[in-house]
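# Topology and contacts: notes
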Amino acid sequence: MAASMKGRKCLVIGGCGFLGQHLCEALLEKGWSVQVFDIRSTFEDSRIKFFIGDLCKKEDLKPALEGVYCVFHCASPAPLSNNKTLFYKVNYEGTKNIIETCQEVGVKRLVLTSSASVVYEGKGIRNGKEEELPYASKPLDYYTETKILQEKAVLAANSDDFYTVAIRPHGIFGPKDLQLVPIAVDMAKKGKMKYIIGDGKNVVDFTYVGNVVHGHILAAENLNLGSPICGKAYHITNAEPIFFWTFMTRILTGLDYPAPRIHLPYTLLYILAVIMQFVAWLLSPFITITPSLTPMKVALAGTDHFYSSERAKQDMGYKPIYTLDQGLKLTLESYRHLGKNVITRVIKIT
Ligand SMILES: NC(=O)C1=CN([C@@H]2O[C@H](COP(=O)(O)OP(=O)(O)OC[C@H]3O[C@@H](n4cnc5c(N)ncnc54)[C@H](OP(=O)(O)O)[C@@H]3O)[C@@H](O)[C@H]2O)C=CC1
Ligand SMILES: CC(C)CCC[C@@H](C)[C@H]1CC[C@H]2C3=C(CC[C@]12C)[C@@]1(C)CCC(=O)C[C@@H]1CC3
(Lines give C-alpha, C1' and ligand atoms only; values in the text may rest on other atoms or scores of the structure.)
(Ligands and ions follow the chains in the order given, each with its own letter.)
Protein backbone atom coordinates (compact mmCIF):
# COMPACT_ATOMS: atom_id res chain seq x y z
CA MET A 1 0.00 0.00 0.00
CA ALA A 2 1.18 3.53 -0.75
CA ALA A 3 2.47 4.89 2.57
CA SER A 4 0.42 8.06 2.12
CA MET A 5 -2.83 6.09 2.55
CA LYS A 6 -2.19 5.47 6.26
CA GLY A 7 -4.76 7.26 8.39
CA ARG A 8 -6.78 8.38 5.34
CA LYS A 9 -10.48 8.51 6.10
CA CYS A 10 -12.80 6.35 4.01
CA LEU A 11 -16.51 5.69 4.12
CA VAL A 12 -17.88 2.22 3.35
CA ILE A 13 -21.52 2.57 2.29
CA GLY A 14 -23.11 -0.84 2.84
CA GLY A 15 -20.33 -1.60 5.34
CA CYS A 16 -22.61 -3.79 7.49
CA GLY A 17 -23.23 -6.21 4.61
CA PHE A 18 -21.23 -9.27 3.55
CA LEU A 19 -18.66 -7.61 1.28
CA GLY A 20 -18.70 -4.40 3.33
CA GLN A 21 -17.64 -6.15 6.55
CA HIS A 22 -14.71 -7.88 4.83
CA LEU A 23 -13.71 -4.60 3.20
CA CYS A 24 -13.73 -2.75 6.54
CA GLU A 25 -11.54 -5.41 8.16
CA ALA A 26 -8.96 -5.23 5.33
CA LEU A 27 -8.95 -1.41 5.31
CA LEU A 28 -8.36 -1.32 9.07
CA GLU A 29 -5.49 -3.80 8.72
CA LYS A 30 -3.95 -1.52 6.10
CA GLY A 31 -4.15 1.49 8.39
CA TRP A 32 -7.08 3.41 6.91
CA SER A 33 -9.42 5.28 9.21
CA VAL A 34 -12.77 3.57 8.56
CA GLN A 35 -16.32 4.89 8.74
CA VAL A 36 -19.41 2.85 7.88
CA PHE A 37 -22.75 4.01 6.53
CA ASP A 38 -25.58 1.47 6.40
CA ILE A 39 -29.32 1.23 6.88
CA ARG A 40 -28.80 -1.39 9.59
CA SER A 41 -26.22 -2.25 12.20
CA THR A 42 -24.89 -5.83 12.18
CA PHE A 43 -21.67 -5.64 14.17
CA GLU A 44 -19.70 -3.51 16.59
CA ASP A 45 -16.09 -2.43 16.32
CA SER A 46 -14.58 0.29 18.45
CA ARG A 47 -12.16 1.24 15.63
CA ILE A 48 -15.03 2.15 13.28
CA LYS A 49 -17.36 5.15 13.36
CA PHE A 50 -20.86 4.04 12.35
CA PHE A 51 -23.55 6.15 10.66
CA ILE A 52 -26.96 4.53 10.38
CA GLY A 53 -29.15 6.00 7.62
CA ASP A 54 -30.63 5.69 4.16
CA LEU A 55 -28.30 6.42 1.24
CA CYS A 56 -31.27 7.91 -0.63
CA LYS A 57 -31.40 10.76 1.92
CA LYS A 58 -28.93 13.60 1.53
CA GLU A 59 -29.38 14.66 5.14
CA ASP A 60 -28.36 11.16 6.32
CA LEU A 61 -25.32 10.97 4.05
CA LYS A 62 -23.82 14.43 4.52
CA PRO A 63 -22.43 14.04 8.05
CA ALA A 64 -20.83 10.70 7.12
CA LEU A 65 -19.06 12.20 4.09
CA GLU A 66 -17.35 15.14 5.84
CA GLY A 67 -13.57 15.00 5.37
CA VAL A 68 -13.64 11.64 3.57
CA TYR A 69 -10.80 10.83 1.14
CA CYS A 70 -12.50 7.90 -0.63
CA VAL A 71 -16.01 6.44 -0.65
CA PHE A 72 -16.62 2.74 -1.27
CA HIS A 73 -20.24 2.17 -2.34
CA CYS A 74 -21.18 -1.47 -1.82
CA ALA A 75 -24.80 -1.12 -0.68
CA SER A 76 -27.69 -2.74 -2.54
CA PRO A 77 -31.01 -4.39 -1.81
CA ALA A 78 -30.70 -8.20 -1.89
CA PRO A 79 -29.98 -9.15 -5.56
CA LEU A 80 -32.34 -12.12 -5.67
CA SER A 81 -35.40 -10.14 -4.54
CA ASN A 82 -37.75 -8.80 -7.18
CA ASN A 83 -38.67 -5.40 -5.80
CA LYS A 84 -38.46 -3.14 -8.87
CA THR A 85 -39.33 0.06 -6.99
CA LEU A 86 -36.72 -0.56 -4.30
CA PHE A 87 -33.98 -1.41 -6.83
CA TYR A 88 -34.64 1.81 -8.77
CA LYS A 89 -34.81 3.88 -5.61
CA VAL A 90 -31.65 2.54 -3.96
CA ASN A 91 -29.37 1.40 -6.81
CA TYR A 92 -30.12 4.19 -9.26
CA GLU A 93 -31.64 7.22 -7.51
CA GLY A 94 -29.63 6.51 -4.34
CA THR A 95 -26.36 6.24 -6.26
CA LYS A 96 -27.05 9.55 -8.01
CA ASN A 97 -27.65 10.99 -4.55
CA ILE A 98 -24.26 9.66 -3.37
CA ILE A 99 -22.53 11.24 -6.39
CA GLU A 100 -24.21 14.62 -5.85
CA THR A 101 -23.58 14.63 -2.11
CA CYS A 102 -19.90 13.68 -2.59
CA GLN A 103 -19.53 16.58 -5.05
CA GLU A 104 -21.29 19.02 -2.69
CA VAL A 105 -19.17 18.03 0.29
CA GLY A 106 -15.91 17.91 -1.73
CA VAL A 107 -15.19 14.15 -1.62
CA LYS A 108 -12.98 13.38 -4.62
CA ARG A 109 -12.98 9.58 -4.95
CA LEU A 110 -15.77 7.03 -5.42
CA VAL A 111 -15.23 3.27 -5.84
CA LEU A 112 -18.45 1.52 -6.87
CA THR A 113 -19.14 -2.17 -6.38
CA SER A 114 -20.84 -2.93 -9.65
CA SER A 115 -21.33 -6.48 -10.97
CA ALA A 116 -20.16 -8.53 -13.94
CA SER A 117 -23.84 -9.26 -14.47
CA VAL A 118 -24.21 -5.79 -16.12
CA VAL A 119 -23.02 -7.42 -19.38
CA TYR A 120 -24.86 -10.72 -18.95
CA GLU A 121 -28.21 -11.41 -20.60
CA GLY A 122 -28.35 -15.19 -20.40
CA LYS A 123 -26.05 -15.97 -23.33
CA GLY A 124 -22.64 -17.58 -22.77
CA ILE A 125 -19.69 -15.30 -21.97
CA ARG A 126 -16.20 -16.82 -22.11
CA ASN A 127 -13.17 -14.89 -20.84
CA GLY A 128 -15.24 -11.69 -21.31
CA LYS A 129 -13.21 -8.47 -21.54
CA GLU A 130 -14.57 -5.10 -20.43
CA GLU A 131 -13.79 -3.34 -23.72
CA GLU A 132 -15.51 -6.04 -25.79
CA LEU A 133 -18.75 -6.48 -23.87
CA PRO A 134 -21.57 -3.94 -24.16
CA TYR A 135 -24.07 -3.51 -21.33
CA ALA A 136 -26.89 -6.09 -21.47
CA SER A 137 -29.59 -4.69 -23.74
CA LYS A 138 -32.17 -7.08 -22.24
CA PRO A 139 -31.17 -7.58 -18.61
CA LEU A 140 -32.82 -10.64 -17.03
CA ASP A 141 -33.97 -8.93 -13.84
CA TYR A 142 -34.50 -5.53 -12.17
CA TYR A 143 -31.37 -5.94 -10.08
CA THR A 144 -29.21 -6.11 -13.22
CA GLU A 145 -31.21 -3.35 -14.92
CA THR A 146 -30.47 -0.99 -12.04
CA LYS A 147 -26.83 -2.09 -11.63
CA ILE A 148 -26.35 -0.99 -15.27
CA LEU A 149 -27.96 2.41 -14.64
CA GLN A 150 -25.89 2.76 -11.46
CA GLU A 151 -22.58 1.93 -13.14
CA LYS A 152 -23.27 4.26 -16.07
CA ALA A 153 -24.07 7.12 -13.65
CA VAL A 154 -20.90 6.56 -11.62
CA LEU A 155 -18.57 6.31 -14.63
CA ALA A 156 -20.19 9.32 -16.32
CA ALA A 157 -19.56 11.38 -13.18
CA ASN A 158 -15.78 10.96 -13.53
CA SER A 159 -14.08 14.32 -14.10
CA ASP A 160 -10.83 16.18 -13.38
CA ASP A 161 -12.29 17.02 -9.99
CA PHE A 162 -14.09 13.78 -9.07
CA TYR A 163 -12.51 10.39 -9.77
CA THR A 164 -14.69 7.32 -10.14
CA VAL A 165 -14.16 3.63 -10.89
CA ALA A 166 -16.42 0.55 -10.98
CA ILE A 167 -15.38 -2.88 -9.75
CA ARG A 168 -17.32 -5.74 -11.32
CA PRO A 169 -17.04 -8.88 -9.17
CA HIS A 170 -18.79 -12.12 -10.04
CA GLY A 171 -20.31 -14.80 -7.82
CA ILE A 172 -18.78 -13.62 -4.55
CA PHE A 173 -18.47 -16.29 -1.87
CA GLY A 174 -16.98 -16.41 1.60
CA PRO A 175 -17.76 -16.32 5.32
CA LYS A 176 -20.65 -14.06 6.43
CA ASP A 177 -22.47 -14.30 3.07
CA LEU A 178 -26.22 -14.65 3.47
CA GLN A 179 -26.75 -15.66 -0.12
CA LEU A 180 -24.79 -18.31 -2.01
CA VAL A 181 -24.06 -20.96 0.66
CA PRO A 182 -27.16 -20.40 2.83
CA ILE A 183 -29.48 -20.49 -0.22
CA ALA A 184 -27.82 -23.61 -1.64
CA VAL A 185 -28.07 -25.32 1.79
CA ASP A 186 -31.69 -24.30 2.18
CA MET A 187 -32.48 -25.74 -1.27
CA ALA A 188 -30.59 -28.93 -0.42
CA LYS A 189 -32.63 -29.33 2.79
CA LYS A 190 -35.81 -29.04 0.71
CA GLY A 191 -34.54 -31.70 -1.74
CA LYS A 192 -34.16 -29.14 -4.55
CA MET A 193 -30.42 -29.61 -5.06
CA LYS A 194 -30.60 -33.10 -6.56
CA TYR A 195 -30.74 -31.64 -10.05
CA ILE A 196 -28.18 -30.38 -12.53
CA ILE A 197 -29.46 -27.78 -14.99
CA GLY A 198 -28.17 -28.75 -18.45
CA ASP A 199 -25.16 -30.98 -19.10
CA GLY A 200 -23.23 -29.70 -16.06
CA LYS A 201 -20.31 -28.54 -18.22
CA ASN A 202 -20.94 -24.80 -18.04
CA VAL A 203 -17.93 -22.86 -16.81
CA VAL A 204 -18.29 -19.85 -14.50
CA ASP A 205 -16.41 -17.54 -12.17
CA PHE A 206 -16.83 -17.74 -8.44
CA THR A 207 -14.74 -15.15 -6.63
CA TYR A 208 -13.53 -15.38 -3.06
CA VAL A 209 -14.50 -12.28 -1.10
CA GLY A 210 -10.88 -11.59 -0.08
CA ASN A 211 -9.97 -11.12 -3.76
CA VAL A 212 -12.92 -8.78 -4.33
CA VAL A 213 -11.78 -6.72 -1.34
CA HIS A 214 -8.20 -6.67 -2.70
CA GLY A 215 -9.51 -5.31 -6.05
CA HIS A 216 -11.45 -2.54 -4.27
CA ILE A 217 -8.45 -1.43 -2.22
CA LEU A 218 -6.12 -1.40 -5.24
CA ALA A 219 -8.71 0.72 -7.06
CA ALA A 220 -8.84 3.24 -4.20
CA GLU A 221 -5.05 3.40 -4.04
CA ASN A 222 -4.81 4.05 -7.79
CA LEU A 223 -7.68 6.50 -8.10
CA ASN A 224 -5.88 9.78 -8.81
CA LEU A 225 -5.98 12.49 -11.44
CA GLY A 226 -4.65 11.11 -14.74
CA SER A 227 -4.76 7.46 -13.63
CA PRO A 228 -5.83 5.01 -16.38
CA ILE A 229 -8.49 3.58 -14.07
CA CYS A 230 -10.54 6.79 -13.82
CA GLY A 231 -14.01 6.42 -15.36
CA LYS A 232 -13.51 2.71 -16.16
CA ALA A 233 -14.97 -0.64 -15.08
CA TYR A 234 -12.88 -3.66 -14.01
CA HIS A 235 -13.72 -7.36 -13.75
CA ILE A 236 -12.33 -8.81 -10.55
CA THR A 237 -12.29 -12.60 -10.45
CA ASN A 238 -10.40 -15.53 -8.99
CA ALA A 239 -9.05 -16.22 -12.52
CA GLU A 240 -9.89 -19.89 -11.96
CA PRO A 241 -13.09 -20.55 -13.94
CA ILE A 242 -14.77 -23.77 -12.82
CA PHE A 243 -17.79 -25.89 -13.84
CA PHE A 244 -20.76 -24.32 -12.03
CA TRP A 245 -21.89 -27.76 -10.84
CA THR A 246 -18.42 -28.78 -9.63
CA PHE A 247 -18.33 -25.66 -7.46
CA MET A 248 -21.85 -26.29 -6.09
CA THR A 249 -20.91 -29.93 -5.46
CA ARG A 250 -17.83 -28.89 -3.48
CA ILE A 251 -19.99 -26.57 -1.33
CA LEU A 252 -22.71 -29.17 -0.77
CA THR A 253 -20.53 -32.22 -0.16
CA GLY A 254 -18.21 -30.08 1.98
CA LEU A 255 -21.19 -29.66 4.29
CA ASP A 256 -22.21 -33.35 3.97
CA TYR A 257 -25.14 -32.85 1.58
CA PRO A 258 -25.36 -35.12 -1.47
CA ALA A 259 -24.04 -33.88 -4.80
CA PRO A 260 -26.58 -32.90 -7.51
CA ARG A 261 -26.85 -35.81 -9.98
CA ILE A 262 -30.06 -35.75 -12.03
CA HIS A 263 -29.76 -33.81 -15.29
CA LEU A 264 -32.70 -31.66 -16.40
CA PRO A 265 -32.87 -29.97 -19.81
CA TYR A 266 -31.81 -26.33 -19.71
CA THR A 267 -34.35 -24.99 -22.22
CA LEU A 268 -37.29 -26.69 -20.51
CA LEU A 269 -36.33 -25.22 -17.13
CA TYR A 270 -35.75 -21.79 -18.61
CA ILE A 271 -39.22 -21.80 -20.23
CA LEU A 272 -40.77 -23.01 -16.97
CA ALA A 273 -39.02 -20.20 -15.06
CA VAL A 274 -40.33 -17.61 -17.55
CA ILE A 275 -43.87 -19.00 -17.18
CA MET A 276 -43.63 -19.01 -13.36
CA GLN A 277 -42.37 -15.42 -13.42
CA PHE A 278 -45.28 -14.39 -15.64
CA VAL A 279 -47.84 -16.13 -13.40
CA ALA A 280 -46.29 -14.50 -10.32
CA TRP A 281 -46.59 -11.12 -12.05
CA LEU A 282 -50.24 -11.77 -13.08
CA LEU A 283 -51.19 -12.69 -9.53
CA SER A 284 -49.12 -9.98 -7.88
CA PRO A 285 -52.11 -7.63 -7.22
CA PHE A 286 -53.66 -10.43 -5.12
CA ILE A 287 -50.86 -12.56 -3.67
CA THR A 288 -47.08 -12.48 -3.56
CA ILE A 289 -45.52 -15.58 -5.09
CA THR A 290 -41.73 -15.94 -5.05
CA PRO A 291 -40.74 -18.70 -7.48
CA SER A 292 -37.54 -20.44 -6.35
CA LEU A 293 -36.41 -20.74 -10.00
CA THR A 294 -36.17 -17.45 -11.92
CA PRO A 295 -34.89 -17.04 -15.49
CA MET A 296 -31.78 -15.37 -14.04
CA LYS A 297 -31.01 -18.26 -11.66
CA VAL A 298 -31.56 -20.88 -14.38
CA ALA A 299 -29.34 -18.94 -16.80
CA LEU A 300 -26.59 -18.48 -14.18
CA ALA A 301 -26.69 -22.18 -13.33
CA GLY A 302 -26.80 -23.45 -16.92
CA THR A 303 -24.62 -21.19 -19.12
CA ASP A 304 -20.96 -20.17 -19.30
CA HIS A 305 -20.10 -16.86 -17.69
CA PHE A 306 -16.48 -16.17 -16.89
CA TYR A 307 -14.47 -13.00 -17.31
CA SER A 308 -10.92 -11.81 -17.89
CA SER A 309 -9.37 -9.70 -15.14
CA GLU A 310 -6.41 -8.80 -17.38
CA ARG A 311 -7.36 -5.11 -17.50
CA ALA A 312 -7.24 -4.90 -13.69
CA LYS A 313 -3.84 -6.62 -13.78
CA GLN A 314 -2.50 -4.14 -16.36
CA ASP A 315 -3.91 -0.95 -14.86
CA MET A 316 -3.69 -1.59 -11.12
CA GLY A 317 -1.52 -4.67 -10.64
CA TYR A 318 -4.40 -6.91 -9.57
CA LYS A 319 -3.90 -10.60 -9.11
CA PRO A 320 -5.89 -12.88 -6.83
CA ILE A 321 -4.41 -13.27 -3.36
CA TYR A 322 -6.54 -16.33 -2.45
CA THR A 323 -6.87 -19.45 -4.62
CA LEU A 324 -10.28 -21.04 -5.11
CA ASP A 325 -9.21 -23.93 -2.85
CA GLN A 326 -8.16 -21.57 -0.06
CA GLY A 327 -11.41 -19.60 -0.44
CA LEU A 328 -13.51 -22.76 -0.33
CA LYS A 329 -11.67 -24.04 2.75
CA LEU A 330 -12.22 -20.77 4.64
CA THR A 331 -15.85 -20.64 3.52
CA LEU A 332 -16.73 -24.22 4.44
CA GLU A 333 -15.06 -23.85 7.86
CA SER A 334 -17.23 -20.82 8.57
CA TYR A 335 -20.47 -22.62 7.62
CA ARG A 336 -19.91 -25.82 9.62
CA HIS A 337 -23.07 -24.99 11.62
CA LEU A 338 -25.13 -25.38 8.40
CA GLY A 339 -23.76 -28.91 7.82
CA LYS A 340 -26.24 -31.75 7.27
CA ASN A 341 -25.08 -33.74 10.25
CA VAL A 342 -24.94 -30.90 12.73
CA ILE A 343 -27.37 -31.41 15.56
CA THR A 344 -28.93 -28.16 16.66
CA ARG A 345 -30.16 -28.15 20.20
CA VAL A 346 -33.40 -26.36 20.89
CA ILE A 347 -33.63 -25.17 24.45
CA LYS A 348 -37.22 -24.90 25.52
CA ILE A 349 -37.87 -22.18 28.05
CA THR A 350 -41.06 -22.80 29.97
N1 LIG B 1 -22.94 -11.16 -3.62
C2 LIG B 1 -22.54 -11.28 -4.90
O3 LIG B 1 -22.33 -12.39 -5.42
C4 LIG B 1 -22.30 -10.05 -5.71
C5 LIG B 1 -22.55 -8.79 -5.19
N6 LIG B 1 -22.29 -7.68 -5.95
C7 LIG B 1 -22.51 -6.34 -5.39
O8 LIG B 1 -21.71 -6.22 -4.22
C9 LIG B 1 -22.29 -5.29 -3.31
C10 LIG B 1 -22.32 -5.91 -1.93
O11 LIG B 1 -23.07 -7.09 -1.96
P12 LIG B 1 -23.29 -7.94 -0.63
O13 LIG B 1 -22.26 -7.58 0.36
O14 LIG B 1 -23.44 -9.35 -1.08
O15 LIG B 1 -24.72 -7.40 -0.17
P16 LIG B 1 -25.32 -7.28 1.32
O17 LIG B 1 -26.80 -7.31 1.16
O18 LIG B 1 -24.70 -8.26 2.23
O19 LIG B 1 -24.85 -5.82 1.76
C20 LIG B 1 -25.44 -4.65 1.30
C21 LIG B 1 -25.69 -3.72 2.46
O22 LIG B 1 -26.28 -2.51 1.98
C23 LIG B 1 -27.36 -2.17 2.86
N24 LIG B 1 -28.33 -1.28 2.24
C25 LIG B 1 -29.37 -1.61 1.41
N26 LIG B 1 -30.09 -0.52 1.12
C27 LIG B 1 -29.51 0.54 1.74
C28 LIG B 1 -29.82 1.93 1.83
N29 LIG B 1 -30.90 2.45 1.24
N30 LIG B 1 -29.02 2.72 2.57
C31 LIG B 1 -27.94 2.20 3.22
N32 LIG B 1 -27.61 0.90 3.18
C33 LIG B 1 -28.38 0.06 2.45
C34 LIG B 1 -27.95 -3.54 3.19
O35 LIG B 1 -28.88 -3.48 4.25
P36 LIG B 1 -30.15 -4.51 4.23
O37 LIG B 1 -29.54 -5.88 4.27
O38 LIG B 1 -30.93 -4.16 5.42
O39 LIG B 1 -30.86 -4.28 2.92
C40 LIG B 1 -26.69 -4.31 3.49
O41 LIG B 1 -26.24 -4.12 4.80
C42 LIG B 1 -23.66 -4.94 -3.90
O43 LIG B 1 -23.56 -3.71 -4.56
C44 LIG B 1 -23.92 -6.04 -4.92
O45 LIG B 1 -24.70 -5.54 -5.99
C46 LIG B 1 -21.77 -7.79 -7.19
C47 LIG B 1 -21.49 -9.00 -7.74
C48 LIG B 1 -21.75 -10.24 -7.05
C1 LIG C 1 -30.60 -22.69 -9.37
C2 LIG C 1 -29.79 -23.02 -8.16
C3 LIG C 1 -28.98 -24.22 -8.42
C4 LIG C 1 -28.98 -21.83 -7.72
C5 LIG C 1 -28.36 -21.93 -6.34
C6 LIG C 1 -27.14 -21.06 -6.12
C7 LIG C 1 -27.42 -19.58 -6.16
C8 LIG C 1 -28.02 -19.14 -4.85
C9 LIG C 1 -26.15 -18.74 -6.49
C10 LIG C 1 -25.30 -19.35 -7.61
C11 LIG C 1 -24.70 -18.18 -8.42
C12 LIG C 1 -25.01 -16.97 -7.57
C13 LIG C 1 -24.91 -15.60 -8.12
C14 LIG C 1 -25.65 -14.56 -7.56
C15 LIG C 1 -26.64 -14.84 -6.47
C16 LIG C 1 -26.59 -16.27 -5.88
C17 LIG C 1 -26.38 -17.30 -6.97
C18 LIG C 1 -27.51 -17.24 -7.98
C19 LIG C 1 -25.62 -13.15 -8.13
C20 LIG C 1 -26.88 -12.97 -8.95
C21 LIG C 1 -25.59 -12.09 -7.03
C22 LIG C 1 -25.54 -10.69 -7.56
C23 LIG C 1 -24.67 -10.47 -8.73
O24 LIG C 1 -24.29 -9.35 -8.98
C25 LIG C 1 -24.34 -11.58 -9.63
C26 LIG C 1 -24.33 -12.92 -8.94
C27 LIG C 1 -24.06 -14.05 -9.91
C28 LIG C 1 -23.94 -15.38 -9.22
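Residues numbered from 1 in each chain as written. Chains lettered and ligands numbered in written order. Predicted model: local features only at pLDDT ≥ 70, side-chain atom pairs only at ≥ 80, totals over all residues. Heavy atoms only, no water.

### Considering the layout of surface pockets
One number sums up the size of the second largest pocket: a volume of about 950 Å³. Lining the second largest pocket are 35 residues, and of these Ser-81, Asn-82, Gln-277, Pro-291 and Thr-294 sit closest to its centre. The element that contributes the greatest number of residues to the lining of the second largest pocket is helix H8 (residues 266-283), accounting for six residues. Residue composition of the lining of the second largest pocket, grouped by class: 18 nonpolar, nine polar and eight charged. (1 Å grid on protein atoms, 1.4 Å probe; cavity = no way out; pocket = protein on both sides within 12 Å on 5 of 7 lines; lining within 4 Å. Points joined across faces, edges and corners; volume = space filled by probe spheres on them. Helix = DSSP H or I, 4+ residues; strand = E, 2+ residues; numbered from the N terminus. Nonpolar A, V, L, I, M, F, W, Y, C, P; charged D, E, K, R; others polar.)

### A word on a nonpolar patch on the surface
There is a patch of nonpolar side chains on the surface, built from Ile-271, Ile-275, Phe-278, Val-279, Trp-281, Leu-282, Leu-283, Phe-286, Ile-287 and Ile-289 and spanning about 1,000 Å² of accessible area. Locating Leu-283 in the fold gives a position in helix H8. Overall, the relative accessible area of 31% leaves Leu-283 in the partly exposed class. (Patch = residues over 30% accessible without salt bridge, like charges linked within 9 Å, V, L, I, M, F, W, Y side chains within 5 Å. Areas by Shrake-Rupley, 256 points an atom, 1.4 Å probe, with all protein chains shown as cover. Salt bridge = Lys/Arg side-chain N within 4 Å of Asp/Glu carboxyl O. Buried < 20%, exposed > 50% of the residue type's maximum accessible area, 1.4 Å probe, protein only.)

### Here's the deal with unusual backbone geometry
The phi angle at Lys-176 is positive, at roughly 80°, despite the residue not being glycine. Structurally, Lys-176 is set in the loop between strand S8 (172-173) and helix H5 (180-189). On the basis of relative accessible area, Lys-176 is assigned to the partly exposed category, the value being 48%. Despite not being glycine, Asp-256 has its phi angle at roughly 70°, a positive value. Mapped onto the elements, Asp-256 comes out in the loop between helix H7 (244-254) and strand S14 (262-264). Residue Asp-256 is classed as partly exposed on the basis of its relative accessible area, which comes to 43%.

### Focus on the UniProt feature "domain: 3-beta hydroxysteroid dehydrogenase/isomerase" (unreviewed entry) in the protein chain
Following the UniProt record, one finds the feature "domain: 3-beta hydroxysteroid dehydrogenase/isomerase" (unreviewed entry) at residues 11-265. What you have in residues 11-265 is 36% helix and 20% strand, and the ends, taken at the C-alpha atoms, are 46 Å apart. (UniProt positions renumbered as here; feature names shortened; annotations may be inferred.)

### Overview of the pairing of strand S1 (residues 9-13)
Burial within S1 is extensive, with four of its five residues counted as buried. With five bridges joining them, S1 and strand S2 (residues 33-38) adopt parallel strand pairing. Bridged to Ile-13 within S2 is Phe-37. Crossover connection from S1 via helix H1 (residues 18-29) to parallel S2: handedness right-handed. Pairing analysis gives four bridges linking S1 to strand S4 (residues 70-73), with the strands arranged parallel. Paired with Leu-11 across the strands is Val-71, a residue of S4. (Pairing = 2+ DSSP bridges. Right-handed = clockwise from strand over helix to strand, strands pointing away.)

### Regarding the site of ligand 1
Every one of the 24 residues lining ligand 1 counts as a neighbour, but Phe-18, Leu-19, Asp-54, Tyr-143 and Lys-147 are closest to it. The backbone of Phe-18 places a nitrogen or oxygen atom 2.9 Å from an oxygen atom of ligand 1. Note that an oxygen atom of ligand 1 is positioned 3.0 Å from one of the side-chain N or O atoms of Arg-40. Surface burial for ligand 1 is 86%, taken as the share of its 900 Å² of free accessible area covered by protein chains. When contributions to the shell around ligand 1 are tallied by element, the ones reaching two or more residues are H1 and helix H4 (142-156). Its residues placed into classes, the shell around ligand 1 shows 11 nonpolar, nine polar and four charged. (Near = heavy atom within 4 Å. Polar contact = N/O pair within 3.5 Å; in protein donor to acceptor, adjacent residues only side chain to side chain.)

### Some thoughts on the environment of Val-203
Residue position: Val-203 is located in strand S10 (residues 203-204). For the pair Val-203 and Ala-301, spaced 98 residues apart in the sequence, the C-alpha separation amounts to 9.4 Å. Excluding anything up to four places from it in sequence, Val-203 contacts Pro-241, Ile-242, Phe-243, Thr-303, Asp-304, His-305 and Phe-306. (Contact = heavy atoms within 4.5 Å.)

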